[in-house]
Amino acid sequence: MNTTGIADGALRAQIKAFFIAERGYWRPWTETLLDLSPGFLQQYARYAGYPARTGPLTPRMVELVYVALDASSSHLFASGLQTHLRRALEVGATQADLFDVLHLVAVQGVASVCQASDILAELTASPGEPAIDARLQQRIARVGPAHALSLASLARRDPGYAEVLLDFIEHGRPEGGLTPAERSIVQLALHACFTAFNAEAVRQIVTTALAQGVPAAELQQAIQLGAHLAVHGTALGADVFQQVRDAGAGAPPAPGG
């Protein structure tokens, strides 16, 4: 009787069950790693599952953060988005919550536009530039900080763009979605993630969130939830390796092989 094979099979089953319990999915790339690097899979499940499992954010907020990160234009990870969208609905997120998150995803890139406009204004400033209309200035003061948007330079040079941008931010989100504090948590995760890290935006969003009464522990958890997205590169590598291995299995032996 091959007891080694039985033990190996039991260990594989244990690792697979642990991974699914921690991460909520099983895909071809995880099967490849289970065959070739089970230690990676086991330790990754512990590492990736830790911030979701141990922090103060509710399961609903954790899943909404994951939805934002996978949907972000800096990542666009469809299979992960499908997993976390489904899970978000299972743990109590509403359609309004989800489309509020997707609205924040669409707004994410504007922080960089504002920062670039500030640099351009600094390097090309000239006397006599027009002042910002008082009504527009009030809108900027009301909306800008919550979205890490420094809109002054942009509004002086292209007030029409500033107006339509503010319209989109204020009126493009669904009714009955996230609270302002929840929106800050999602935006922090987006701007803190390594796929589109924006230090200025992180600083502004943290400042806003703290003023809203969001505990630092919740902000820390939101920051940590983004790190393990890097495994999607590992997933790609494992899938391609499997394709190469499968193609090589049917190929004739190389000369001298």
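Only a predicted model underlies this, so the values are computations on that prediction, with no experimental measurement involved.

Caption draft 1: Summary view of a nonpolar patch on the surface. On the surface, a nonpolar cluster with roughly 240 Å² of combined accessible area is contributed by Val113, Tyr161 and Val164. With respect to the helices, strands and loops of the structure, Val113 is situated in helix 7 (residues 110-124).

Caption draft 2: Broad picture of the side chain of Ser72. Mapped onto the secondary structure, Ser72 falls in the loop between helix 4 (59-71) and helix 5 (78-90). When its relative accessible area of 2% is taken as the criterion, Ser72 is described as buried. Engagement of the side chain of Ser72 in a polar contact is seen with the side chain of Ser74, the distance being 3.0 Å. For Ser72, the contacting residues outside a window of four places in its chain are Val105, Gln108 and Leu190.

Caption draft 3: Looking closely at the confidence of the model for the protein. Across the protein, the average pLDDT comes to 91, with 94% of residues at 70 or higher. In the model, residues 1-5 has pLDDT below 50 throughout and makes one contact with residues more than four positions away in sequence or in other chains.

Caption draft 4: Here's a closer look at the packing of aromatic side chains. One pass over the structure, following the stated rule, counts seven aromatic pairs. Measuring from centroid to centroid gives 5.4 Å for Phe19 and Tyr25, while their planes differ by 85°, and the two rings are edge-to-face. Note on accessibility: Phe19 and Tyr25 belong to one class, buried. Ring centres of Phe19 and Trp26 lie 5.6 Å apart, and the angle between their planes is 80°; on these two criteria the pair is classed as edge-to-face. Exposure remark for Phe19: the relative accessible area of 0% places this residue in the buried category. We note Arg27 situated over the ring of Tyr25; from NZ or CZ to the ring centre the distance is 4.2 Å.

Cut-offs applied
- Residues numbered from 1 in each chain as written.
- Predicted model: local features only at pLDDT ≥ 70, side-chain atom pairs only at ≥ 80, totals over all residues.
- Heavy atoms only, no water.
- Patch = residues over 30% accessible without salt bridge, like charges linked within 9 Å, V, L, I, M, F, W, Y side chains within 5 Å.
- Areas by Shrake-Rupley, 256 points an atom, 1.4 Å probe, with all protein chains shown as cover.
- Salt bridge = Lys/Arg side-chain N within 4 Å of Asp/Glu carboxyl O.
- Helix = DSSP H or I, 4+ residues; strand = E, 2+ residues; numbered from the N terminus.
- Buried < 20%, exposed > 50% of the residue type's maximum accessible area, 1.4 Å probe, protein only.
- Polar contact = N/O pair within 3.5 Å; in protein donor to acceptor, adjacent residues only side chain to side chain.
- Contact = heavy atoms within 4.5 Å.
- pLDDT = per-residue confidence, 0-100.
- Phe/Tyr/Trp six-rings, centres within 6.5 Å; stacked < 30°, edge-to-face > 60°.
- Lys NZ or Arg CZ within 6 Å of the ring centre and 35° of its normal.

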